[in-house]
Each structure stands twice: as C-alpha cells, then as structure tokens.
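The chain contents come next:
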Amino acid sequence: MIQFLYMRLSEEQILDFKKILEKEKGKEVSMAEATDGAHRLAGLAEIIYKGAQEDIKRKQKLKDNPKGYTIEGSYTCRVCKDILPEHIGWYDKWGIKCMTCQNAINKKIIPGSQITDDDKWYSKWDLESRFGLNRHGVKKFKKEGILISREILNDNGSKHCEIFLIKDNKDFLPPKKLVESHLVPEKRDGKIWHHSEPWYRFVDPYEHLKDYKIMNYIEFVPSKDKKK
Ligand SMILES: [Zn+2]
C-alpha cells in the first residue's frame, strides 16, 4: 500500500480508480479525468503518510528529550496559531508551540493538558465565528466577570493571545461540539459542492443552548435566517 505512493501509477491502477469513480458518479469518466483524480489522491495520501511519519519521528526523539526540544522546520503554534519560522518552536508531549505560549505553559498560566484538545477551549476566533462575539463583547463580558480568559503575555508585557477554557467557563460556554458548523451540499454547474453554515441555522439556538448562560447575553436573528 505504502510502496505505490512512491511509484508512478500504473495503467491498471488508474483503470481501477476509473471504475470506482464511475460507480460513484453513476456515469462514464474519461481516462484523462481518472488519471488526474488518481494522481491527486495518491499525492494526498503521500502528504498524509509523510505527516504521520514525521509525527512518529518526533515522538521517538521525545523519548530521549522528555521535556521537549526545539523543532526544525516551519510550523503553526497549537495555541496562538502563529506560523513559526524555523527553529523557533518547541515540541513536547503537548504538541508544537511558539516560545511565548510554551513559557505560559511552563509558568502554568495555561495547562498543557487542556490546550492539546481543541474541544477544551475557545479561541477569540471561535467566539466570533460561533456566537458573533467580537472583541468589544469579549472585553465587556470579561470586565463584568462572566467570561474568564487566560492571557498569554509577550516578554514586554503586551498581550500575545488569550484563550477561554471551558472548565473556567462551565456554565457560560457550551461544549464545542454543540456549536459546530455543518457542511451543506449544494448543486452548482451540475456538480455537488459543499459549503459550511453556522450551527444556529439548524436549531433554535435558545432551546439548543438553554443550559448555558451565554445565551442570556447574545442575540441571534434566527427565524428568517433559519433553514428548515
Ligand atoms: Zn503560540
């Protein structure tokens, strides 16, 4: 299975893929389309495979460096989502972080065990995309003490980023799985495309989140917006 990723695809493999594609589409596809599709799929599988291989290597190196080590290459910080230039990130059992976020973990400002799991915290972007809560709203709620954030500071004391742990805001913020957007199929140019729509278009938001206090403070304009 893995070997074929590094080979050119044979005609037989492309023909096999063509059959699968035709079955799925319910119509004949050209050899050119099948060749293109098969190579794209093989390319994608190779990327995933390489990523998994890298992950295994990193975990192996961690055994000799249990506290973590500087990583090579350019990555995205798990916490602040900044893109890190080479040799600036830190890798340990909680994943890849920039040095500023790593220091916040070392100082126990943010718990590593929580940030590893995206379902355990909201970023500012999450609050905005899922509840329409912008930075002014966040500031106001924080000031009123109804929303608790953990602030990560730069060396000069300015704010680097802030996160909102669900465990700090248990009655206020719902589990993230309740407010995930949905993929909706749509037919365009004879093809099926998918686009994502926010969670509140599929439910009565006030009923859906009645156990969470955030609903006492935000407003939705649902009915005309809502899709049945
Ligand atoms: Zn960071």
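Residues numbered from 1 in each chain as written. Predicted model: local features only at pLDDT ≥ 70, side-chain atom pairs only at ≥ 80, totals over all residues.

### Considering the sheet that holds strand 6 (residues 121-122)
Taking strand neighbours across the sheet as the criterion, the three strands line up as 6-8-7 in an open arrangement whose pairing is antiparallel. A strand with exactly one partner marks an edge of an open sheet, and here the two such strands are strand 6 and strand 7 (150-153). (Pairing = 2+ DSSP bridges. Helix = DSSP H or I, 4+ residues; strand = E, 2+ residues; numbered from the N terminus.)

### Description of the packing of helix 1 (residues 11-25) against helix 2 (residues 31-64)
Contact pair helix 1 / helix 2: the axes reach a minimum separation of 9 Å and the direction vectors enclose 100 degrees. When the axis of helix 1 is compared with that of helix 2, the two are roughly perpendicular. In this structure, helix 1 uses Gln13, Ile14, Phe17, Lys18 and Leu21 to contact helix 2, whose residues at the interface are Met31, Ala34, Thr35, Gly37 and Ala38. (Axes fitted to C-alpha atoms, helices over the stretch in contact; angles between N-to-C directions. Parallel < 35°, antiparallel > 145°, perpendicular 65-115°, else oblique. Contact = placed C-beta atoms within 7 Å.)

### Brief notes about the nonpolar core
In this structure, Val79, Cys101, Ile110, Ile163 and Phe164 are the most contacted members of the largest nonpolar core, which totals 27 residues. Going through the elements one at a time, strand 4 (89-92), strand 5 (95-98), helix 3 (99-106), strand 6, helix 5 (124-131) and strand 8 (159-165) are the ones with two or more residues in this core. What Val79 contacts, discounting residues up to four positions off in sequence, is Lys97, Cys101, Ile110, Ile115, Cys161 and Ile163. (Core = buried A, V, L, I, M, F, W, Y, C linked by C-beta atoms within 7 Å. Buried ≥ 20, exposed ≤ 12 C-beta atoms within 10 Å, placed from the backbone.)

### Some remarks on the domain arrangement of the protein chain
Entries for the protein chain in the domain assignment read domain 1 (1-64), domain 2 (65-111), domain 3 (112-168) and domain 4 (176-216). Distance between the C-alpha centres of domain 2 and domain 3: 18 Å. A per-element tally of the side of domain 2 that touches domain 3 places helix 3 first, with four residues. (Domains from an automatic or database assignment.)

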